[in-house]
Amino acid sequence: MANRLLTTHPWQVRESSLDADSLGLGESVFALANGYVGLRGTLDEGQPSAARGVFLAGVYEYHPLSYPEGGYGHPEHGQAMIGVADGTGIRLQVDGVPLDVREAPAGRHERVLDLRAGTLRREFEWTTPRGGRMRLVSTRMVSLAHRATTAIRYEVQALDQPVQIAIRSELTVNCTPPPVDNSDPRVEEALHSPFESCLRGSHQTGGHLVHRTRRSGTCVAAAVEHEILRPEDAQVHTTDGEDQVATSLVAELPPGGTAGFVKYICHAWSREDPPAGLRDQAAAALEAARQLGWEGLAAEQQRVLDNFWQAADVEVDGDPDLQQALRFDLFQLLQASACVNAAPVGAKGLTGYGYSGHTFWDIDSFLVPAMTLLRPEDAARMLRWRSSGLDRARERAQVLGLEGASFPWRTIDGGEASAYWPASTAAAHLNADIARAFGFWADATGRNLEEVGGLDVLVETARVWARMLHRDHKGRCHLYGMTGPDEYTGVVDDNVFTNLMAKRNLDLAADACEANPAAAQRLRVSREEKRHWREAADAMYVPYDHVLGVHPANEGFTTYREWDFEGQQGAYPVQDHAHYAKIYRRQVVKQADLELALWWCSDAFTPEEAARNLDYYERRTVRDSSLSAAAQAVACAHAGHLDLALAYLREAALVDLRDLQQDSQEGLHLASLAGAWLALACGLGGLQTEGGKLQLAPRLPARLERIAFRLQWRGHRLGVETTPAGTTMRLLDTGTSGTAADEAELTLSVDGTDYVVAPGRPAKAPLHAAEPLLQRQPSRQGGNRTGSSQRRNGATPANSVSQRSAAASPASGQAHHAKAPAMA
């Protein structure tokens, strides 16, 4: 569907016809959400569909886990996001014949996702068996202003013949079990019908349902109401059962006649509140929606999006596909986080069942920094959820025999849900990644870490690193048995990314305690403990291969056997064609690992080291993960390889619109979408925020004529525009992030030179030409994106519930490293 049926438009995603083979992809691309509630982009009549679902962030069910062997510290049960009461179903009969797009004679079918209006509009024209022409127009909206509210405007018109229409509008529970990829029958049993009825009721035009999950004890209420638009003489009545409220509308339509209504659905959930209280919450939200009406909700939706685009819009001249993709990506980031509250953001947001709805380190690492610079209050809510899990993380650290806090690799409820320790518990870099997210937010907003529980997180993650460190006879600190971001090289010693991130975590915790002595005292951080953190950070060992002149991704990596890229053409993803016993012993990289360190820990490398490392690892990275392209884009931009940086930026941005990983039917790749914006701002824009000073180093690839992006920095809204003539920075307004700017003017650095911008007084800097230290462009493995699905590490067949993600990338060129690349 993505290449053949989606048209390129700067502000819309338009599907010009329905492709039965790409229903799942369409359901993800056309999903609507607000961070609290989300719904898949299914057809109104429900079928055909790939995976229907309406989701609430934080609503899940437990399911059994089976293990071939028992093991200390294994999670006791799995967690899976489940579909809640689904109000999207609207079934239509015309003259007694149900509407089915598979059977209706071919007619115009179009869906348009409007990125400025925040609506999904569907138009379908067909001919009935009696020869009458009909038109269906439906428009969906998930409110970005009222978190509980979804609205659907549904209208059907008889174009040229009189017809009788019958519409059945449903609110249904236990109708959308998640796809289960698990041979244990207990899993499907637990998730097939997870809710039991608590309350129900109905009246002429609507009703309510309240259910509770059987295992996790989560109570969910949903209320529905119909505002009948026409005809006035339509017969309307509603019935209710344990799992369904159904409103029926029957009418006779003359030629040109229309029947229609606005359907309002409101959800509420809690693990503490009683069913009656949740019913009343949903009813109150429903009444508010009815008072506003469709036009009022649409106006508020427009207002939210106008403010968002004013603060976050990106403009790219010279690449229409990239322009559309970046705006689509930003819209999806807003949909994932606008109303999130006391719940995690999953790796797929609320767009699909992928990864069972779990959150991972990539949300902290990509989505939180992006939203910090775009909508810092949304990022703050995500960080507060993370810090709220400290007690569970402390318990996990005790299980591991450690002090401090060890956060879960994958979770919904805050507890560890992965027993595949080589790519979960061993991937302890997660703790430093989370610490970085808190530090990034504090740097970019200028606000106190205590607002989001950040100091506690920094202290407890520093403590866990201090306990994991090993000192050798030379006093150097090592981290043994770690797995970095590259899951093709697992359980290794001294992974460079992990060691550098742990070092930053230790220093960041010490700095934060010195800046907040009262809070440090509350956490019983002694002067001796801070000194120990500083000493450990200074003594952190970082491997280096003096023969090749590069950093091995981990101790000994550059001595592993080379992967036979030439002989393995098409055998991607690698883990689907080779055992991990082989993969772990070869120089093949699933996703950017050391290159991510070049971005996040850039001060640990000289420019020459960064250039040599980039050249070395580009030839070994196959990108069997959607997380890779954004990091590679930034590393290439910093090294002056702008064409390659742009190629990776496009890959990250288009991952779902072009279904590059061939698994977007399971939900969108939120981290890659956030990474695309970061690749533009931090890669081509050269944006850096460390140390409390905003720094830019803009670069413009030859293919692009102009780049403009916006961000928020310490109470300022800043616009950055780069053309061949230079880069212009201007203040758009101040005080929009919740913190008033200290001064009306802002000082920032561009390529090492300070500039001052103030309202009405922009600054302009010359555009520096990118001069790569290595004159040749690095060889790029996996230049084409094709292939099949794969499992994301951290899930074994014993505990996976529709957790397929993947990438296939045919390699181009053979890796070699006979000697260190010559420097220019």
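Right, let's walk through the structure included here. Everything numeric here is computed off the predicted structure, so don't read it as measured data.

Reading the values: rules and limits
- Residues numbered from 1 in each chain as written.
- Predicted model: local features only at pLDDT ≥ 70, side-chain atom pairs only at ≥ 80, totals over all residues.
- Heavy atoms only, no water.
- Salt bridge = Lys/Arg side-chain N within 4 Å of Asp/Glu carboxyl O.
- Helix = DSSP H or I, 4+ residues; strand = E, 2+ residues; numbered from the N terminus.
- Buried < 20%, exposed > 50% of the residue type's maximum accessible area, 1.4 Å probe, protein only.
- Pairing = 2+ DSSP bridges.
- Contact = heavy atoms within 4.5 Å.
- Axes fitted to C-alpha atoms, helices over the stretch in contact; angles between N-to-C directions.
- 1 Å grid on protein atoms, 1.4 Å probe; cavity = no way out; pocket = protein on both sides within 12 Å on 5 of 7 lines; lining within 4 Å.
- Points joined across faces, edges and corners; volume = space filled by probe spheres on them.
- Nonpolar A, V, L, I, M, F, W, Y, C, P; charged D, E, K, R; others polar.
- Phe/Tyr/Trp six-rings, centres within 6.5 Å; stacked < 30°, edge-to-face > 60°.
- Lys NZ or Arg CZ within 6 Å of the ring centre and 35° of its normal.
- Left-handed = near helix turned anticlockwise from the far one by under 90°.
- Disulfide = S-S within 2.5 Å.
- Parallel < 35°, antiparallel > 145°, perpendicular 65-115°, else oblique.
- Polar contact = N/O pair within 3.5 Å; in protein donor to acceptor, adjacent residues only side chain to side chain.

**Structural notes on the pattern of salt bridges**
(1) Moving on: Per the stated rule, a full pass over the model turns up 61 salt bridges.
(2) Moving on: For the salt bridge of Arg122 with Glu45, the shortest nitrogen-to-oxygen distance reads 2.8 Å. Separated by 77 residues along the polypeptide, Arg122 in strand E11 (residues 119–127) and Glu45 in the loop between strand E4 (37–39) and strand E5 (54–56) bring together distant segments of the chain.
(3) Moving on: The class for Glu45 is buried, based on a relative accessible area of 5%.
(4) Moving on: A salt bridge links Glu651 to Arg623; the shortest N-O distance between them is 2.8 Å. Placement of Glu651 in helix H18 (residues 642–653) and of Arg623 in the loop between helix H16 (607–618) and helix H17 (628–638) is noted, with a sequence separation of 28 residues between them.

**Observations regarding the pairing of strand E18 (residues 235–240)**
Consecutive side chains along a regular strand alternate between the two faces of the sheet.
(1) Moving on: As paired elements, E18 and strand E19 (residues 244–253) share 6 bridges and run antiparallel to each other. Residue pairing for E19: Asp240 is matched across the bridge by Val245.

**Observations regarding the sheet that holds strand E20 (residues 258–270)**
(1) Moving on: Pairing in this open sheet of 10 strands is antiparallel, and the strands run E1-E2-E10-E11-E12-E13-E20-E17-E16-E15 from one edge to the other. Sheet topology places strand E1 (6–7) and strand E15 (195–203) at the edges, where each strand pairs with a single neighbour.
(2) Moving on: Taken together, the 9 bridges between strand E12 (residues 133–142) and strand E13 (residues 149–158) define a ladder with antiparallel strand orientation. Within E13, the residue paired with Thr139 across the bridge is Arg153.
(3) Moving on: Packing of helix H4 (residues 275–312) onto the sheet brings it into contact with E12, E13, E15, strand E16 (206–213), strand E17 (219–230) and E20, and relative to E20 it is tilted by some 135 degrees.

**Looking at the layout of surface pockets**
(1) Moving on: In this structure, the largest pocket occupies an estimated 810 Å³ of space.
(2) Moving on: If you trace the largest pocket, you find 34 residues lining it, with Asp443, Arg504, Leu508, Glu690 and Gly691 closest to the centre.
(3) Moving on: The dominant element in the lining of the largest pocket, judged by the number of residues it contributes, is helix H11 (residues 496–515), at 10 residues.
(4) Moving on: When the residues that make up the lining of the largest pocket are grouped by side-chain class, the tally is 16 nonpolar, 9 polar and 9 charged.

**Here we look at the packing of aromatic side chains**
(1) Moving on: Summed over the entire model, instances satisfying the criterion amount to 19 aromatic pairs.
(2) Moving on: Seen from their ring centres, Phe497 and Trp600 are 5.7 Å apart, and the 50 degrees between their planes marks the pair as tilted. Of the two residues, Phe497 sits in helix H11 while Trp600 sits in helix H15 (residues 594–600), which places them 103 residues apart along the sequence.
(3) Moving on: Using a relative accessible area of 0% as the deciding quantity, one classes Phe497 as buried.
(4) Moving on: Look at Trp600 and you get buried, because its relative accessible area is 2%.
(5) Moving on: One aromatic cluster in this structure is built from Trp361, Phe366, Phe497, Trp599 and Trp600.
(6) Moving on: For Lys348, the ring lying beneath its charged end belongs to Tyr355, and the centroid distance is 5.2 Å.
(7) Moving on: The ring of Tyr616 has Arg620 sitting right over it, with the charged end atom 3.7 Å from the ring centre.

**Remarks on the sheet that holds strand E3 (residues 32–33)**
(1) Moving on: The strand order E3-E4-E5 describes an open sheet built from 3 strands, whose pairing is antiparallel. Of all the strands in the sheet, just E3 and E5 have a single pairing partner and so form its edges.
(2) Moving on: Alignment of E3 against E4, held across 2 bridges, turns out to be antiparallel. When the bridges of E4 are listed, Leu32 appears paired with Leu39.

**Examining unusual backbone geometry**
(1) Moving on: Following Gln47, the chain continues into Pro48 via a peptide bond in cis, with omega recorded as 0 degrees.
(2) Moving on: Position of Pro48 among the secondary structure elements: in the loop between E4 and E5.
(3) Moving on: In this model, Arg230 is joined to Pro231 through a cis peptide bond whose omega is -10 degrees.
(4) Moving on: Mapped onto the elements of the fold, Pro231 is located in the loop between E17 and E18.
(5) Moving on: The backbone of Ser356 shows a phi angle near 60 degrees, a positive value even though the residue is not glycine.
(6) Moving on: Assignment of secondary structure puts Ser356 in the loop between helix H5 (320–337) and helix H6 (361–374).
(7) Moving on: A positive phi angle, close to 50 degrees, is found at Arg714, a residue other than glycine.
(8) Moving on: Summarising the element assignment, Arg714 is placed in the loop between strand E27 (706–713) and strand E28 (716–723).

**Comments concerning empty space enclosed by the protein**
(1) Moving on: On inspection of all chains with the given rule, the structure shows 13 cavities of 30 Å³ or more.
(2) Moving on: Of the volumes computed, that of the second largest cavity is approximately 110 Å³.
(3) Moving on: Along the wall of the second largest cavity there are 14 residues; nearest its centre are Ala57, Pro344, Gly346, Gly349 and Leu350.
(4) Moving on: Residue composition of the lining of the second largest cavity, grouped by class: 9 nonpolar, 5 polar and no charged.

**Thoughts on the packing of helix H10 (residues 454–468) against helix H13 (residues 527–538)**
(1) Moving on: It is the contact of H10 with H13, at a shortest axis distance of 11 Å, that shows an interaxial angle of 65 degrees. Considering only the axes of H10 and H13, their crossing is left-handed. Residues Val459, Ala462, Arg463 and Ala466 of H10 touch H13, and the partners they reach there are Glu529, His532 and Trp533.
(2) Moving on: By residue class, the composition of the contact of H10 with H13 is 4 nonpolar, 1 polar and 2 charged.

**Thoughts on the state of the cysteines**
(1) Moving on: Considering all chains together, one arrives at 0 disulfides under this definition.
(2) Moving on: For the unlinked cysteine Cys601, the closest cysteine sulfur is that of Cys682, found at 14 Å.
(3) Moving on: Since its relative accessible area comes to 1%, Cys601 is described here as buried.
(4) Moving on: With a relative accessible area of 5%, Cys682 lands in the buried category.

**Things to note about the packing of helix H9 (residues 429–445) against H10**
(1) Moving on: The interhelical angle for the contact between H9 and H10, taken along N-to-C directions, is 155 degrees, at an axis separation of 9 Å. Considering their axes alone, H9 and H10 lie roughly antiparallel with respect to each other. The chirality of how H9 crosses H10 is left-handed. Where H9 abuts H10, its residues His429, Asn431, Ala432, Ile434, Ala435 and Phe438 lie against Gly454, Val457, Leu458, Thr461, Val464 and Trp465.
(2) Moving on: For the contact of H9 with H10, a count of residues per class yields 8 nonpolar, 4 polar and no charged.

**Here we look at the pairing of E19**
(1) Moving on: Most of E19 sits out of view: 7 of its 10 residues are buried.
(2) Moving on: For strand E14 (residues 163–172) and E19, the ladder comprises 10 bridges, and the chain directions are antiparallel. Paired with Gln164 across the strands is Glu252, a residue of E19.

**A short note on the environment of Arg467**
(1) Moving on: In this structure, Arg467 sits in helix H10.
(2) Moving on: Residues Arg467 and Gly549 lie 82 residues apart in sequence; the distance between their C-alpha atoms is 32 Å.
(3) Moving on: Aside from chain neighbours lying at most four places away, what touches Arg467 is Gly401, Leu402 and Glu403.

**A few points about the side chain of Glu487**
(1) Moving on: As for its position among the elements, Glu487 is in the loop between strand E23 (477–478) and H11.
(2) Moving on: We classify Glu487 as buried; its relative accessible area is 5%.
(3) Moving on: Polar side-chain contacts of Glu487 include one of 2.8 Å to the side chain of Lys590.

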